[in-house]
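Examination of the molecular architecture
Here is how the chains run, residue by residue.
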Amino acid sequence: MDSTSSTSTSTSTSTSSLEASRGAINAAINALIAQRRATTDPDQIANINDAIDNLNGNLQDLNQAQGLALASTIDAASNQLQQIVSSAPKDISSQFIAQLKEASDKLVAARGK
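Residues numbered from 1 in each chain as written. Predicted model: local features only at pLDDT ≥ 70, side-chain atom pairs only at ≥ 80, totals over all residues. Heavy atoms only, no water.

A word on the overall build of the chain. The helix and strand tally for the chain stands at 4 helices and 0 strands. Scanning the chain from its N terminus toward the C terminus, one meets helices and strands in the order α-α-α-α. Of all 113 residues assigned to the chain, the portion counted as buried reaches 32%. Residue pairs at least 24 apart in sequence account for 64% of intrachain contacts in the chain once pairs closer than 6 positions are excluded. Roughly 6,600 Å² of accessible area belongs to the chain as shown, and the carbon and sulfur atoms make up 47% of that amount. (Helix = DSSP H or I, 4+ residues; strand = E, 2+ residues; numbered from the N terminus. Buried < 20%, exposed > 50% of the residue type's maximum accessible area, 1.4 Å probe, protein only. Contact = heavy atoms within 4.5 Å. Areas by Shrake-Rupley, 256 points an atom, 1.4 Å probe, with all protein chains shown as cover.)

Structure representation (structure tokens):
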């Protein structure tokens, strides 16, 4: 493989990881917004707002990241989602948890690309 092919493959892989990560983060944000609409608990609403803010920050970082910074940003977003899932109240909708888990799994997969 010549250096042009190698660079093209590397760029394609980074783009693929970036797009998959953006999609996963956006899916998680949408799930959080839906959960925020469904709850009246002020503490839960505040926690959801914080999580959305953090994930939006991850999206901004993704837009600027390249190479190792991209992998680090994907890791941060994945860790954020795992933390949200593990700290969710026990009475939370299983569909909501499943949506966040799916987004987290997609981030983990994107990290491996």
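Having seen the model, we can carry on.
Attention shifts here to the pattern of salt bridges. For side chains of opposite charge, pairing can occur when their charged atoms come near one another. Throughout the structure, instances matching the rule amount to 3 salt bridges. Of the charged contacts in the structure, one is a salt bridge between E102 and K106, with a shortest N-O distance of 3.3 Å. Residue E102 and its partner K106 are both found in helix α4 (residues 94-111); the two are separated by 4 residues, about one turn of the helix. Judged by relative accessible area, K106 falls into the partly exposed class, the value being 41%. (Salt bridge = Lys/Arg side-chain N within 4 Å of Asp/Glu carboxyl O.)

The subject of this paragraph is the nonpolar core. Note on soluble globular proteins: their nonpolar side chains tend to be buried together. Judged by nonpolar contacts, the single largest core of 25 residues is most densely connected at I25, L32, L55, L81 and L100. Elements supplying a minimum of two residues to this core: α1 (3-38), α2 (42-64), α3 (67-87) and α4. It is α1 that contributes the most residues to this core, 7 residues altogether. (Core = buried A, V, L, I, M, F, W, Y, C linked by side-chain atoms within 4.5 Å.)

Along the polypeptide, S104 turns up in helix α4. Classification of S104 by relative accessible area gives buried; the value is 4%.

Glancing now at the packing of α2 against α3. Remark: α2 packs on α3, axes separated minimally by 9 Å, with the N-to-C direction vectors making an angle of 165°. Between α2 and α3, the interaxial angle falls into the category roughly antiparallel. Seen along the crossing, α2 lies across α3 with a hand that is left-handed. Between α2 and α3, the residues in contact are A51, N54, L55, N58, D61 and L62 and L70, T73, I74, A76, A77, Q80, L81 and I84, respectively. Its residues assigned to classes, the contact of α2 with α3 shows 9 nonpolar, 4 polar and 1 charged. (Axes fitted to C-alpha atoms, helices over the stretch in contact; angles between N-to-C directions. Parallel < 35°, antiparallel > 145°, perpendicular 65-115°, else oblique. Left-handed = near helix turned anticlockwise from the far one by under 90°. Nonpolar A, V, L, I, M, F, W, Y, C, P; charged D, E, K, R; others polar.)

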